[in-house]
Every structure is written in structure tokens, then in C-alpha cells.
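Examination of the molecular architecture
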Amino acid sequence: ILPEERFVDYPKLNELIKLKDDLLRNRNHPPMYLKTDLKTFDITTLGKFDVILMDPPWEEYYNRVQGMPIMGSIDKLLPWSFEEIANLPIDQIADVPSFIFLWVGSEGLDMGRALFRKWGYKRCEDIVWVKTNKKSLDPKLEYQLGRNGKGILQRIKEHCLVGLKGDVRRASDSHFIHANIDLSLIHI
């Protein structure tokens, strides 16, 4: 069966797929990577985005690498304050509807929820990464995982909050973003 013939018996689904294909043809662009300082770069010049992935430099991440033999300058890893992250104009670059995936570590759930309110998102899911691979001979990982005697309360999970801006109705929405994100655990 050809891909375009898979849903012939389902007219609503077939129409939705055609609408999605048209949208993708008109809006799709290749991945974009910027190596720039977001404190000074005007990200509003980039246009609107349907999906935004953020892994901000939280203080929690900075504290984890203290004392570790890391490559490069520690100055490049300085954390941002909550206010600096909140001042990013995410609300101006987010299309409606759109999703945001915001990594908040294991300590930043409340701050992530506050950012969603500021930027006009409602939380629709919480992805939890449970870290299970603790068998390594790499001394850097041994230190990070707490086998140096400091690992009583180890960070074994991290959260990624998923937010939705606008409304999405799965049965009738012609936009290619749809609700029903159903992911609770990533096992690596």
C-alpha cells in the first residue's frame, strides 16, 4: 500500500494528513543552530516557532560540575539567574499553537512552571528522565554519580516540562501540532 493510500477508508484522517502535508511543505525548514550569546542576541529576529526546546544553564547544573575535571573554561558554564532566563522573549517567538520543552533539572519544577505562566504556556506534560546507567569506569562519571562518598542524595532524575500555547483539538485541528503527548519515562 502506498503511503497516500493508507487512510482511504478514513476520510477525516485522510483529510487531516493532507492538511498536515500542505503545512509542512509551506512551513518546514531545515534545523537551525546558532552559536551566540542569548543575553545580547535579539532572538525575535528569527521569526515564530511551533516547537521550542530549552535547556537553560540553571545553577543546579553549574553546582554539579564543581570540582570535576571538565574541558574548557569554567566561565563558559556560569549559570543564569531565574530573571535572566525569564527575560528571554520566548512569548514573542512562540507561534500559536506551539509546544515548549523546558528542561528544569531536579530542582527547578516551580521555576519552570513560573516561566510557563510568564510566557503564556500551560503545562500539558512532565517528562521524567530516570538515570539508570551507573556502571562506568570513567572517573569523571564516577565523581558525578557520587561514588566519591558524597552521593547520599544523588540526582537520579531530571524533569522536562512540556507546555502548550494556544488550544489544540485533536479531532478537528488542522495544525500539525496535536495534543495527547503521552510519555512518562525515558529509559537510557
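What counts as what
Throughout, a residue's number is its position along its own chain's written sequence, starting from 1. Restriction of local features to residues with pLDDT of at least 70 applies here, the model being predicted, together with a cutoff of 80 or more for giving and counting side-chain atom pairs; totals for whole chains, interfaces and linings are based on all residues. Each side-chain value is derived from all of the structure's non-hydrogen atoms; neither hydrogens nor water enter the calculation. When a carboxyl oxygen of Asp or Glu is within 4 Å of a side-chain nitrogen of Lys or Arg, the pair counts as a salt bridge. Secondary structure is summarised from DSSP: a helix means a run of H or I of at least four residues, a strand means a run of E of at least two, and numbering begins at the N terminus for each. Note on exposure labels: buried denotes an accessible area under 20% of the residue type's maximum, exposed denotes more than 50%, and partly exposed covers the range between, all computed with a 1.4 Å probe on protein chains only. Note on pairing: two strands pair once DSSP finds at least 2 bridges between them. Every residue is assigned a pLDDT by the predictor, reflecting its confidence on a scale from 0 to 100. Note on contacts: a residue pair is in contact if any heavy atoms of the two residues lie within 4.5 Å.

Taken as a whole and judged by the stated rule, the model has three salt bridges. Taking the shortest distance from any N to any O, the salt bridge between K39 and E84 comes out at 3.2 Å. With K39 in the loop between α1 (11–27) and β1 (49–54) and E84 in helix α3 (residues 82–86), this pair connects stretches of sequence that are 45 residues apart.

To continue, consider the pairing of strand β2 (residues 94–105). Of all 12 residues making up β2, 10 are buried, and the element is well covered by its neighbours. For β1 and β2, the ladder comprises five bridges, and the chain directions are parallel. By the bridge assignment, I52 is partnered in β2 with I100. Here seven bridges tie β2 to strand β4 (residues 157–165), and the two strands are oriented antiparallel to one another. Each bridged residue has a counterpart across the sheet, and for W103 the counterpart in β4 is C160.

Moving on: the confidence of the model for the chain. With 70% of its residues at a pLDDT of 70 or more, the chain has an overall mean of 77. Considering only residues more than four positions removed or in separate chains, one finds that residues 178–188, a stretch of pLDDT under 50, has 28 contacts.

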